[in-house]
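Spelled out from the first residue to the last, the chains are:
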Amino acid sequence: SEACDGEPTRQPSATPLDIRAAAILNQLSTVTRPAVLSSRGTPQFRAYEWITYEDARQLDPEDPTLNQRYIMATLYFATGGPRWRQCFAGDSSSNCGLN
C-alpha cells in the first residue's frame, strides 16, 4: 500500500510483547484447549491474561514453572480469588497470593 505522499507504507511488525504473548498462548495450549484460553471471561483466559500482562514475575514462555503458575492462577480466578480475604499456603510457598 502507499501513504498519501506516494511512499510505500510498511506493515507493522510484531512487538516483543506480542511475540511473548503468542509463545505463552502456545505453551498453555498444551494444557488447555485454545478455544477456552481465548474465551474472554473464562478463568483460563483471565489466568492467561494475568500471566502475560500483569504477573510481576513475567515468566519466559520456556520457564518450567509456567504451566504450574497458570494452573494456580486458573484455580484462583475460578474460585473467586479476587474476593478472597485470606490466603494460607501452609508453608512459605510463593503461590499464595500469586506473588
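Residues numbered from 1 in each chain as written. Predicted model: local features only at pLDDT ≥ 70, side-chain atom pairs only at ≥ 80, totals over all residues. Heavy atoms only, no water.

**Some points on the side chain of Arg20**
Here is step 1: Looking at where Arg20 falls in the secondary structure, it is placed in helix H1 (residues 16-28).
Here is step 2: Nearest to the buried, unbridged Arg20 among oppositely charged side chains is Asp60, at 6.4 Å.
Here is step 3: Of the polar contacts made by the side chain of Arg20, one reaches the side chain of Gln58; its length is 3.4 Å.
Here is step 4: Within polar-contact distance, the side chain of Arg20 engages the backbone oxygen of Leu59 at 2.9 Å.
Here is step 5: Sequence-distant contacts of Arg20, that is, excluding residues within four places in its chain, are made with Ile51, Thr52, Gln58, Leu59 and Pro61. (Helix = DSSP H or I, 4+ residues; strand = E, 2+ residues; numbered from the N terminus. Buried < 20%, exposed > 50% of the residue type's maximum accessible area, 1.4 Å probe, protein only. Lys, Arg positive; Asp, Glu negative; His and termini not counted. Salt bridge = Lys/Arg side-chain N within 4 Å of Asp/Glu carboxyl O. Polar contact = N/O pair within 3.5 Å; in protein donor to acceptor, adjacent residues only side chain to side chain. Contact = heavy atoms within 4.5 Å.)

**Focus on the packing of aromatic side chains**
Here is step 1: All told, the structure shown has 1 aromatic pair when counted by the stated rule.
Here is step 2: Ring geometry for Tyr76 and Phe77: centres 5.2 Å apart, planes at 80 degrees, overall edge-to-face. (Phe/Tyr/Trp six-rings, centres within 6.5 Å; stacked < 30°, edge-to-face > 60°.)

**Focus: the nonpolar core**
In globular proteins that are soluble, nonpolar side chains generally tend to be buried together.
Here is step 1: Within the largest apolar cluster, 14 residues are counted, with the highest numbers of intra-cluster contacts made by Ile24, Leu28, Tyr48, Ile51, Leu66, Tyr70 and Phe77.
Here is step 2: Elements that contribute at least two residues to this core include exactly H1, helix H3 (43-54) and helix H4 (66-78).
Here is step 3: Per element, the largest residue contribution to this core is 5 residues, and it comes from H4.
Here is step 4: Apart from the residues lying within four places of it in its own chain, the contact partners of Tyr48 are Ala21, Ile24, Leu25, Leu28, Leu37, Tyr53 and Tyr70. (Core = buried A, V, L, I, M, F, W, Y, C linked by side-chain atoms within 4.5 Å.)

**With respect to the packing of H3 against H4**
Here is step 1: Where H3 meets H4, the closest approach of the two axes is 8 Å, and the angle between their N-to-C directions is 125 degrees. The angle between the axes of H3 and H4 places the two elements in the oblique class. In this structure, H3 crosses over H4, and the sense of that crossing is right-handed. Here Pro43, Gln44, Arg46, Ala47, Tyr48, Trp50 and Ile51 of H3 come into contact with H4, specifically with Leu66, Arg69, Tyr70, Ala73, Thr74, Phe77 and Ala78. (Axes fitted to C-alpha atoms, helices over the stretch in contact; angles between N-to-C directions. Parallel < 35°, antiparallel > 145°, perpendicular 65-115°, else oblique. Left-handed = near helix turned anticlockwise from the far one by under 90°.)

**Examining the confidence of the model for the protein chain**
Here is step 1: Per-chain confidence: the protein chain averages 83 in pLDDT, with 72% of residues scoring 70 or above.
Here is step 2: Ranking the helices and strands of the protein chain by mean pLDDT puts H3 first, with 96, and H1 last, with 90. (pLDDT = per-residue confidence, 0-100.)

**With respect to H3**
Here is step 1: When we look at burial in H3, the residues that qualify are Phe45, Ala47, Tyr48, Trp50, Ile51 and Thr52.
Here is step 2: Check the buried side of H3 and you find it contacts H1, helix H2 (34-37) and H4.

**Here's the deal with the packing of H1 against H4**
Here is step 1: Between H1 and H4, whose axes approach to 10 Å, the crossing angle comes to 80 degrees. Comparing the axis directions of H1 and H4 gives the class roughly perpendicular. Within the contact between the two elements, H1 uses Ile24, Gln27 and Leu28 and H4 uses Leu66, Asn67 and Tyr70.
Here is step 2: Taken together, the residues of the contact of H1 with H4 break down into 4 nonpolar, 2 polar and no charged. (Nonpolar A, V, L, I, M, F, W, Y, C, P; charged D, E, K, R; others polar.)

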